[in-house]
Amino acid sequence: MEIQLWREILTPYELAVRELTVKFEHLMKEYRDRGMYSPIEQVTGRVKTISSILEKAQKKQIPIEKIEENMYDIAGVRIICQFVEDIQMVVEMIRKRSDMKVQSERDYVNHVKESGYRSYHMIISYEVQTLYGARTILAELQVRTLGMNFWSIIEHSMQYKYHKNIPEHIRKKLLKAAQAIVVLDKEMSSVRSEIMDAQNSFQIQANLVSEILNNIQNLYHLANKREIIKIQDEFYRIYEMNDIERLQRFNKELDLIAEGYRAQALDQYT
Ligand code: 0O2
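This one's a predicted model, so the numbers in the text were calculated from it and none came from an experiment. (Residues numbered from 1 in each chain as written. Predicted model: local features only at pLDDT ≥ 70, side-chain atom pairs only at ≥ 80, totals over all residues. Heavy atoms only, no water.)

Q: Looking at this structure, I do not really get the sheet that holds strand β5 (residues 133–145). What am I missing?
A: Whether parallel or antiparallel, the strands of a sheet pair through hydrogen bonds between backbone atoms. Pairing is mixed across the open sheet formed by 5 strands, whose spatial order is β1-β2-β5-β4-β3. Of all strands in the sheet, those with a lone pairing partner are β1 (42–47) and β3 (100–107), marking the two edges. Neighbour to neighbour, the strand axes of the sheet diverge by 25 degrees on average, direction disregarded. Sheet analysis places strand β2 (residues 75–81) next to β5, joined by 7 bridges and oriented parallel. Paired with V77 across the strands is L141, a residue of β5. (Pairing = 2+ DSSP bridges. Helix = DSSP H or I, 4+ residues; strand = E, 2+ residues; numbered from the N terminus. Axes fitted to C-alpha atoms, helices over the stretch in contact; angles between N-to-C directions.)

Put into structure tokens, the structure is as follows:
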């Protein structure tokens, strides 16, 4: 097939990967903006290279003209979670979405592959709008923990290095490492609620500080410089106390101060 034709074929897949990545990253942001724990930690995406498509087509005996129908992972998005429990949350979230239709699922988390590979795979159909109109393509979503991802990247590089014929002694080491990741994921799950609490309060504090700084900045237009400096000093003093409740009270006081100034300004105009 001509290179130009390949480019045309891959364009909707490139668009799908970009859109899907943005959508999952945005979910992450929505959780964090609300000071909530996000089951999604990281999102990456890629379109399979032409050489990798050709290699897989050859291995699976897929005729070139059937590639788009029979190769499900030309567009691939990886959703990385912190904990094994998060994987199910993400899977449920995907099942409920109206902009992607789940075609099939493979649970390699509970049904570990012979290699030691663990991940949750979902094949979805997804519509993109191209220059030539709407196109529905297939994409593969891989949902896995940070630990599973680490193992998978290393094992994938080994497969590449040894042309998919990893020597026995390395294969054994990889299997041992895969078991260690299972133990690590379990250990992490046992402290999940504590880690989530810590991350939540970190996020709540970060959101609160950014709200306070916005409020102080808005006061620049209303209050005089001396008062702003006093407010800023007070903010630094309270911030150093490391007490979220004090910060919340301080933020409410700022709201009242701003309201007072706005009322004053209105009085002047009436
Ligand atoms: P790449 O380079 O990541 O694109 P099947 O023969 O139907 O079982 P199929 O169609 O490859 O195999 O589906 P499967 O098993 O669900 O695998 C799809 C993708 O999952 C792979 O794509 C890999 O990305 C990943 N994967 C599956 N098994 C392993 C494994 O043992 N090790 C690692 N590191 N990744 C794995 P590709 O096209 O093989 O590779």
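Q: Please explain the site of the ligand as it appears in this structure.
A: Around the ligand, the structure places 17 residues, and the nearest of them are K48, K60, K113, S115 and E155. A distance of 2.5 Å separates an oxygen atom of the ligand from a polar atom in the side chain of K113. Here the ligand loses 76% of its free accessible area of 730 Å² to cover by the protein chains. Elements with a contribution of two residues or more to the shell around the ligand: β5 and α5 (146–161). At 4 residues, α5 tops the list of elements feeding residues into the shell around the ligand. Counted by class, the shell around the ligand contains 2 nonpolar, 6 polar and 9 charged residues. (Near = heavy atom within 4 Å. Polar contact = N/O pair within 3.5 Å; in protein donor to acceptor, adjacent residues only side chain to side chain. Areas by Shrake-Rupley, 256 points an atom, 1.4 Å probe, with all protein chains shown as cover. Nonpolar A, V, L, I, M, F, W, Y, C, P; charged D, E, K, R; others polar.)

Q: How should I be thinking about the packing of α5 against helix α6 (residues 168–190) in this particular structure?
A: For any two helices packed against each other, one specifies the crossing angle of their axes together with the interaxial distance. Their axes nearest at 9 Å, the elements α5 and α6 cross at an angle of 170 degrees. Between α5 and α6, the angle is such that the two are roughly antiparallel. For the pair formed by α5 and α6, the contact residues are G147, M148, F150, W151, I154, E155 and M158 on the first element and I170, L174, A177, A178, I181 and D185 on the second. Residue composition of the contact of α5 with α6, by class: 10 nonpolar, 1 polar and 2 charged. (Parallel < 35°, antiparallel > 145°, perpendicular 65-115°, else oblique. Contact = heavy atoms within 4.5 Å.)

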